[in-house]
Amino acid sequence: MRRSLFSVLCLVSSVLALPAAFGAEAPVHRTTVNVVVAHKASASIELVLPASLQALREASIYARTTGYLREWLVDIGDSVKAGQTLALIDTPEVDQQLAAAQASLLQAEANATLAAATARRWGSLAEQKAVSPQEVEEKNAAASASAAVAKAAGAEVARLTQLKGFATIVAPFDGVISSRGADIGTLITTDTNRPLLFRITQQGTLRVYASIPQTYMRDVQAGLAVDVLVKEFPEVNFQGTITRVAGALDPASRTLQVEVQIPNANGALLPGMFAQLRFKLTPVQPPLLVPSNAPIIRADGNLVAVVDGENRIHLKKVRFGRDYGSQIEIVSGLEDGALVVSNPSDALVEGQVVEPLKPDVKK
């Protein structure tokens with residue numbers, strides 16, 4: 001029985017040894033690796049930046065004359081037109097100064113008239129050799145001085161008249177009253193402690209300033225459409241347009257300032273609201289992207305493992321660009337369409353034969 005079992009084992013060993021006896025190669029185990037195709041980014045890149053909406057035109061209105069606030073004709077939230085009267089100021093001191101200046105003007109004009117008449121009479125006497133030339137010159141000079149005094153008095157009357165006109169506060173442009181800072185009877189001054197009367201904003205078109213990172217500076221230009229997202233209107237996508245692009249970067253933040261204007265005819269958006277600007281940029285040179293787990297970081301540089309047509313590994317030194325989270329940009333060292341090993345093992349070596357497995361391969 002034992003002899004029979006021994007014979008069977010010998011026969012099995014002989015059968016297993018036949019491939020080697022006839023020169024056949026034993027099967028080689030290949031490491032399976034996951035590969036992805038290095039590709040350039042899509043035609044557009046979304047850049048989302050925070051922003052604060054501002055009125056296209058905004059003005060803080062202060063008084064240009066002194067007195068007391070007699071009446072305000074508009075209040076917060078009222079729509080006003082350019083030139084519309086907003087408030088009236090009583091100016092008793094300016095009124096008295098204007099009355100005194102007008103009286104001084106009348107006196108100066110009378111003196112100037114008298115001096116001119118005297119100069120003409122002395123001119124006639126000079127033709128008859130009745131007076132000396134010096135006296136004639138004195139009379140002419142006196143007439144000129146009186147005329148100058150009258151002109152100065154007229155200028156003072158004009159100044160005070162204009163100052164009196166500032167007692168009527170008018171709107172500089174069409175807009176909405178967003179703030180009122182004085183009540184009836186408030187003392188109105190023109191010094192640094194002067195009270196704010198009104199703040200008016202023009203809300204038909206809003207604007208916002210955004211700081212574009214230097215990386216995207218080549219992709220923005222005037223006329224580019226921008227999506228304005230406001231959380232209070234989750235289902236509405238407001239549209240804006242880049243109207244101005246600064247010609248220089250901010251040296252502190254290395255950003256490029258752009259102005260975006262947003263039509264707001266229905267008044268849904270208000271100045272001061274927080275919003276997000278979504279820029280859809282078309283890169284001049286789309287970046288080459290690989291998965292963020294593809295790079296191999298070593299002391300001699302940054303590498304990626306690439307599989308060639310013969311399924312051999314080649315370690316290529318590359319230079320990284322921007323990190324997009326799940327993907328990273330390759331600036332140089334890699335070609336578009338290359339098969340890159342994702343999540344490579346440290347055991348991979350140059351020239352190693354592997355079994356590539358693409359993500360779309362069905363098991």
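Residues numbered from 1 in each chain as written. Predicted model: local features only at pLDDT ≥ 70, side-chain atom pairs only at ≥ 80, totals over all residues. Heavy atoms only, no water.

A. Local environment of the overall build of the chain. Looking only at helices and strands, one finds four helices and 23 strands in the chain. A buried classification covers 33% of the 363 residues belonging to the chain. In the chain, once contacts between residues fewer than 6 apart in sequence are set aside, the share between residues at least 24 apart is 74%. When the accessible surface of the chain is split by element, carbon and sulfur atoms take 54% of a total near 22200 Å². (Helix = DSSP H or I, 4+ residues; strand = E, 2+ residues; numbered from the N terminus. Buried < 20%, exposed > 50% of the residue type's maximum accessible area, 1.4 Å probe, protein only. Contact = heavy atoms within 4.5 Å. Areas by Shrake-Rupley, 256 points an atom, 1.4 Å probe, with all protein chains shown as cover.)

B. Region of interest: the sheet that holds strand β8 (residues 168-170). Read from one edge of the open sheet, four strands run β8-β7-β5-β10, paired in antiparallel fashion. At either end of the open sheet lies a strand with only one pairing partner, and these are β8 and β10 (187-188). Of the pairings in the sheet, the one linking strand β5 (residues 67-72) to β10 comprises two bridges and is antiparallel in character. Following the sheet pairing, G67 is matched in β10 by I188. (Pairing = 2+ DSSP bridges.)

C. Looking closely at the side chain of S342. Position of S342 relative to the elements: it lies in the loop between β22 (339-341) and β23 (354-357). Other than its neighbours up to four places away in sequence, S342 contacts N34, V35, N293 and A294.

D. Spotlight on helix α3 (residues 92-127). In this model α3 runs 53 Å from its N-terminal to its C-terminal C-alpha over 36 residues, within 8% of the 52 Å that 1.5 Å per residue would give. Among the residues of α3, V94, L98, A101, L105, A108, A112, A115, A117, T118 and A119 are the ones counted as buried. The elements touched by buried residues of α3 are α4 (133-165). Looking one or two places after α3, you find K129, whose phi comes out positive at around 60°. (Expected span 1.5 Å × (residues − 1).)

E. Representation of the packing of aromatic side chains. All told, the structure shown has one aromatic pair when counted by the stated rule. An angle of 85° between the planes, with centres 5.6 Å apart, marks the rings of F233 and F238 as edge-to-face. Residue classification places F233 among the partly exposed residues on the basis of a relative accessible area of 27%. The ring of W72 has R180 lying over it, and the distance from NZ or CZ to the ring centre is 4.0 Å. Here the guanidinium or amino end of R194 rests over the ring plane of Y62, the centre of that ring lying 4.7 Å away. (Phe/Tyr/Trp six-rings, centres within 6.5 Å; stacked < 30°, edge-to-face > 60°. Lys NZ or Arg CZ within 6 Å of the ring centre and 35° of its normal.)

F. View of the pattern of salt bridges. Counted by the stated rule, this structure contains ten salt bridges. Residue D183 is joined to R180 by a salt bridge in which the shortest nitrogen-to-oxygen separation is 2.8 Å. Take R180: its relative accessible area is 22%, and that puts it in the partly exposed class. The salt bridge involving R244 is made with E259; its shortest N-O contact spans 3.4 Å. Taken as a pair, R244 in strand β13 (residues 238-250) and E259 in strand β14 (residues 255-263) lie far apart in primary sequence, 15 residues in all. (Salt bridge = Lys/Arg side-chain N within 4 Å of Asp/Glu carboxyl O.)

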